[in-house]
Amino acid sequence: MASAVAQKSSGAPPRAPGKPRRRTGATPHRLPYLLIAPAGLLMLGFIAYPMLSVFYYSLQNYNATKPWRNGFAGLDNFTKIFTDDPLFWDSLVFSGKWVVTEVSLQLALGLGLALIVNQTFVGRAIARALVFSPWAVSGVLTTTIWLLLYNPSTGVGRYLADAGIGTYGSSVLSDTGTVFWAAVLAELWRGVPFFAILILADLQSIPGDLYEAASVDGANRFRQFVHITLPHLKDAIILSTLLRAVWEFNNVDLLLTLTEGGPAGVTTTLPLYVAVTGFEAHDFGYATALTTVAFVILLFCSILYLRLSKFGGDDK
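Residues numbered from 1 in each chain as written. Predicted model: local features only at pLDDT ≥ 70, side-chain atom pairs only at ≥ 80, totals over all residues. Heavy atoms only, no water.

Some words on the packing of helix α5 (residues 124–132) against helix α8 (residues 179–203)
How two helices pack is summed up by the angle between their axes together with the distance between the axes.
Item 1. Direction vectors running N to C along α5 and α8 enclose 135°, while the axes themselves pass 8 Å from each other. By the angle between their directions, the pair α5 and α8 is classed as oblique. Note on element contacts: α8 touches α5 through P193, A196, I197 and L200, opposite R128, V131 and F132.
Item 2. Taken together, the residues of the contact of α5 with α8 break down into 6 nonpolar, no polar and 1 charged. (Axes fitted to C-alpha atoms, helices over the stretch in contact; angles between N-to-C directions. Helix = DSSP H or I, 4+ residues; strand = E, 2+ residues; numbered from the N terminus. Parallel < 35°, antiparallel > 145°, perpendicular 65-115°, else oblique. Contact = heavy atoms within 4.5 Å. Nonpolar A, V, L, I, M, F, W, Y, C, P; charged D, E, K, R; others polar.)

Now the structure itself:
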């Protein structure tokens, strides 16, 4: 009798006699976790398991061509990396040189292009399409384009030789003095649009009133750029440089198809050395140990960069 009076006073519909009361407390709180559980399990399977496998095989002797030597190696692979492998240090030094050069030039050129296409002029839509189009080209196709350009018989070198610059039959990809900058130029063509796209998107979010107020106060374009544009672009620049640095460090497709790490191994990055060790020498245990070292280096540098740059700080 008391429950019926309570239901009538609360406005709730009466419950049929004998019908079990439905639980309403636990299920709604657990429902979001149940919905994301399939995606979480897939991520665990496709990300966590391969990472753990890499750490496991880095402690093994696992060479497909020498199965009788396979087995637990402990830290022998890591000892060999740091004490008895000059190719590791050479590839690591070149990787640092490659990343710093590429990211610096891509940032400077991408910032310049973003500032240009952010202006209002006739044909701006076409200019933006031309600027952004190289980003849609794959690494292998980019290599094909630049291999044709660098071809000593039919490429740009032939026409430069006709003009008295250089010699016939010489290739910039076979000369240790020019191959680095030839590869840098090819990667610049593909990487600059990445910075231009991100920076242009952030440029369009800056209120125009700030520039108008600065002009009234007598600030020229350079001062507006330093005190208004750059502070607003700080987070976009930090994030884009970090992402691009990681991608350039892991760059394999362009260098593998353009130079194959040569000549004389002068364009071999650490990930390219890992690929050659694993897929050509079939020494998967040592290759996974190199991968583990590369992962730790990237993780440490990324955390240090974010700390030093104060990413996400409110200093606009």
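Text resumes after the structure shown.
Some remarks on the nonpolar core
Item 1. Grouped together as the largest cluster of nonpolar side chains are 48 residues, with contacts concentrated most on W98 and L290.
Item 2. It is α8 that contributes the most residues to this core, 14 residues altogether.
Item 3. Discounting chain neighbours no more than four positions away, the residues touching W98 are F180, A183, V184, E187, E248, N251 and L255. (Core = buried A, V, L, I, M, F, W, Y, C linked by side-chain atoms within 4.5 Å. Buried < 20%, exposed > 50% of the residue type's maximum accessible area, 1.4 Å probe, protein only.)

Quick look at the pattern of salt bridges
Item 1. Overall, the coordinates contain 4 salt bridges when judged by the stated rule.
Item 2. A salt bridge links E187 to R190; its shortest N-O distance comes to 3.0 Å. Taken together, the residues span about one helical turn, with E187 and R190 both in helix α8 at a distance of 3 residues. Across the pair, exposure class does not vary: E187 and R190 are buried alike.
Item 3. Where E187 meets R244, a salt bridge forms, and the shortest distance between an N and an O atom there is 2.9 Å. (Salt bridge = Lys/Arg side-chain N within 4 Å of Asp/Glu carboxyl O.)

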